[in-house]
Amino acid sequence: MTSKTENQTRFGVPENSMVFAGGVRKSFGAVEVLKGIDLNVPAGSVACIIGPSGSGKSTFLRCINHLEEVSGGVLLVDGAFVGYDLRNGKLYEVNNNLLCKRRADIGMVFQSFNLFSHMTVLENLIEAPIMVKGMPRNEAKDKAHALLERVGLADKAGYYPRQLSGGQQQRVAIARALAMNPKVLLFDEPTSALDPELVGEVLLVMRDLAESGMTMVVVTHEIGFAREVGDQLIFMDRGVVEERGAPREMIANPQSPRTREFLSRVL
Amino acid sequence: MSEAETRAPVDALTVVPVRHYSLWVGTAAAIALLLLILKALATNPAFDWPTVGRYLFHQSIMRGLGQTLLLTVVIMVLATVIGTVVAIMRLSPSRILNAFAGGYIWFFRGAPALIQLIFWFNLSLIVREFSLTLPFFGTIFSVKTNDVMTPFMAAVIALSLHEAGYMAEIVRAGIKSVPSGQTEAAGSLGMNHRLILRRITLPQAMRFIVPPTGNETINLLKTTSLVTIIAVNDLLYAAQSIYARTFETIPLLIVVAFWYLFVVTILSICQHYIEQYYGRSDQQQASAARGILRRAFKIGRVAQPA
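Residues numbered from 1 in each chain as written. Chains lettered and ligands numbered in written order. Predicted model: local features only at pLDDT ≥ 70, side-chain atom pairs only at ≥ 80, totals over all residues. Heavy atoms only, no water.

Chemist: Could you give an account of the overall build of chain A, with specific residues and numbers?
Modeler: The number of helices and strands found in chain A is ten helices and twelve strands. For a compact globule of 267 residues, the expected C-alpha radius of gyration is about 18 Å, and chain A comes in at 19 Å, within 12% of that figure. Based on the C-alpha atoms only, the size of chain A along its principal axes is roughly 50 × 45 × 35 Å. Counting all 267 residues of chain A, 57% fall into the buried class. (Helix = DSSP H or I, 4+ residues; strand = E, 2+ residues; numbered from the N terminus. Rg over C-alpha atoms; globule rule 2.2 N^0.38 Å. Buried < 20%, exposed > 50% of the residue type's maximum accessible area, 1.4 Å probe, protein only.)

Chemist: Give me the sheet that holds strand β12 (residues 240-245) of chain A: which residues, what numbers.
Modeler: Sheet strands associate in pairs through backbone hydrogen bonding, adopting either a parallel or an antiparallel arrangement. Residue and element names in this part refer to chain A. Taken in spatial order, the six strands of this open sheet run β8-β9-β10-β3-β11-β12, and their pairing is mixed. Strands at the two margins of the open sheet, each flanked by one partner only, are β8 (106-109) and β12. Ignoring which end each strand starts from, the neighbouring axes of this sheet average 20° apart. Both β8 and strand β9 (residues 184-188) contribute to a ladder of four bridges, which runs parallel. Residue G107 lies in a different strand from β9, and its bridge partner there is L185. Packed onto the sheet, helix α10 (residues 257-266) meets β3 (46-50), β11 (232-237) and β12 and runs at close to 100° relative to β11. (Pairing = 2+ DSSP bridges. Axes fitted to C-alpha atoms, helices over the stretch in contact; angles between N-to-C directions. Contact = heavy atoms within 4.5 Å.)

Chemist: So what's going on with the environment of V241 of chain A? Residues and values would help.
Modeler: Residue and element names in this part refer to chain A. Within the secondary structure, V241 is located in strand β12. Residue classification places V241 among the partly exposed residues on the basis of a relative accessible area of 21%. Sequence separation of V241 and I50 is 191 residues, and the distance between their C-alpha atoms is 10.0 Å.

Chemist: Lay out the layout of surface pockets with the relevant residues and their values.
Modeler: All names here are of chain B. Reported here for the second largest pocket is a volume of approximately 530 Å³. Lining the second largest pocket we find 14 residues, and of these L91, T183, H193, L197 and T201 sit closest to its centre. Of all the elements in the fold, those that place two or more residues in the lining of the second largest pocket are α9 (151-176), α10 (180-188) and α11 (193-223). Among the elements that take part in the lining of the second largest pocket, α11 stands out by supplying four residues, more than any other. Tallied by class, residues from the lining of the second largest pocket come to seven nonpolar, five polar and two charged. (1 Å grid on protein atoms, 1.4 Å probe; cavity = no way out; pocket = protein on both sides within 12 Å on 5 of 7 lines; lining within 4 Å. Points joined across faces, edges and corners; volume = space filled by probe spheres on them. Nonpolar A, V, L, I, M, F, W, Y, C, P; charged D, E, K, R; others polar.)

Chemist: Go over the sheet that holds strand β1 (residues 17-28) of chain A with me, naming the residues and quoting the values.
Modeler: All names here are of chain A. Across the sheet, four strands lie side by side as β2-β1-β4-β5; this open sheet has antiparallel pairing. Edge positions in the sheet fall to β2 (31-42) and β5 (80-81), since each has one partner strand and no second. Sheet topology places β1 next to β2; nine bridges connect them, and they run antiparallel. Residue pairing across strands places K26 opposite L34, the latter belonging to β2.

Chemist: Can you break down the side chain of R103 of chain A residue by residue, with the values?
Modeler: Residues and elements named next belong to chain A. On the secondary structure map, R103 appears in helix α3 (residues 96-103). Here R103 is buried and forms no salt bridge, its nearest opposite-charge partner E69 lying at an N-O distance of 7.9 Å. Here the side chain of R103 touches N65 through a polar contact of 2.9 Å, landing on its backbone oxygen. Of the polar contacts made by the side chain of R103, one reaches the backbone oxygen of H66; its length is 2.8 Å. (Lys, Arg positive; Asp, Glu negative; His and termini not counted. Salt bridge = Lys/Arg side-chain N within 4 Å of Asp/Glu carboxyl O. Polar contact = N/O pair within 3.5 Å; in protein donor to acceptor, adjacent residues only side chain to side chain.)

Chemist: Explain the pairing of strand β6 (residues 84-87) of chain A to me, and be specific about the residues and the numbers.
Modeler: Residue and element names in this part refer to chain A. Here β6 pairs with strand β7 (residues 90-93) via four bridges, running antiparallel. Looking at β7, one finds that D85 is bridged to Y92. Between β6 and the antiparallel strand that follows it, β7, lie two residues; N88 among them carries a positive phi value of about 50°.

Keep in mind these numbers describe shape, not what the thing actually does.
As structure tokens, this is what we get:
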């Protein structure tokens, strides 16, 4: 296995990079969904990805934690490949256990929450720390209660997901991802399945996370959130990065006509 | 519509309900039929109730019942294990494993249970003995097929393999009913395939697996009566050997039917409570109200009321 610095010099990864994508391509059969995506997310920063549906932004997010395999390009998390080891100029696919171990460092929050519906909120939070990390049960429980406190759901530990509102479920899902102490959190349209009045409570938790220094990659339609919280904004369209920049300037004054058209429709 | 008509009619007017004449006729016919059956049961000497009472708890009937229950439990456990393995193979990305599992289901579910039973019982016609011979060590062991393949053994093997064909399909349907988002979420938390299957997919699939499995168990209980053909001493065989001597055929068949119905009733009640247990996350309210049996026997964990 190559060292982190070796990967960094080889692929020109900037210092302090948490997520680095260089020319990432992804095809499903004959359809090329990602056509060379470049991205650098420094540790502790927030990158927001916007774009019309079908632009490949969710697929890109799923490539980061290797839920999808990339078809080409380089994708590094904390300076290392997720699904491969680089040895002697070849990429060796890692076995399932090692992949899982690395994935545990990359938290993911889904559009449809995907809480384990047969478990209570508390059981959802302690499952992976106990089963994957081997954390003692009591320690995991203490941690879970602290996290629930943080997302404002301290009183819901014994509830089943179905007994919670969408916004509460998504906050539990965020807490569940945090329970693994991830290096980076990926959000796949976390508020798109929510009633409008529930969006705010989830965004509040995410904003709190960003302020605490969590590295986040957020695919979203919440332009307001991107402007307030994002350190960089990426507009994707048809599998390419159409425009990128500082969120405030880009939203106020988009350069590409396609960005302008998209923003005018969602703002 | 005038105002008088829209006001509550019961105050002022007499309501004439629709007369369900056919319902009355049907009810009367059903009651008449029931009475005829009861009369026949009570008066026809062939039923011979005192004899039924005499044999109900007869020692060999009890032994037969024990054997039937043992067969049902052993076969169901084996069938569930084999069926789960076959179902997982059926869902695996490997085409060979997939086809193998498909072939298994096709054969063991398709061939009649009775034929499989007789086949395994007569296995010695194909294979005379089992032996393990290693180079340098010689023969480690060697047994005659006829010594191993007792009637009980043949019954267990034949019916387990047959039942597993059904169980495989039930488990497969259950696993497929779990949304793929659950697997993805578990994967993103670093859980591996085996862990996901054991902790996330199978427990959720249980809600879909339990009701048809209950039906299968009830079905199997009765299917085990086929083993009388290869002389396993089950409930029916015990009754047969008695009435072969005494010619009290009908009373003994009533005894047998009584015990089958009794066990089926117990199984149905168990099924109800198991279903409730696996459906607990469906409850809208986090309430402590639970089944009396469950509380009495403390089956499973009880979520803390929030």
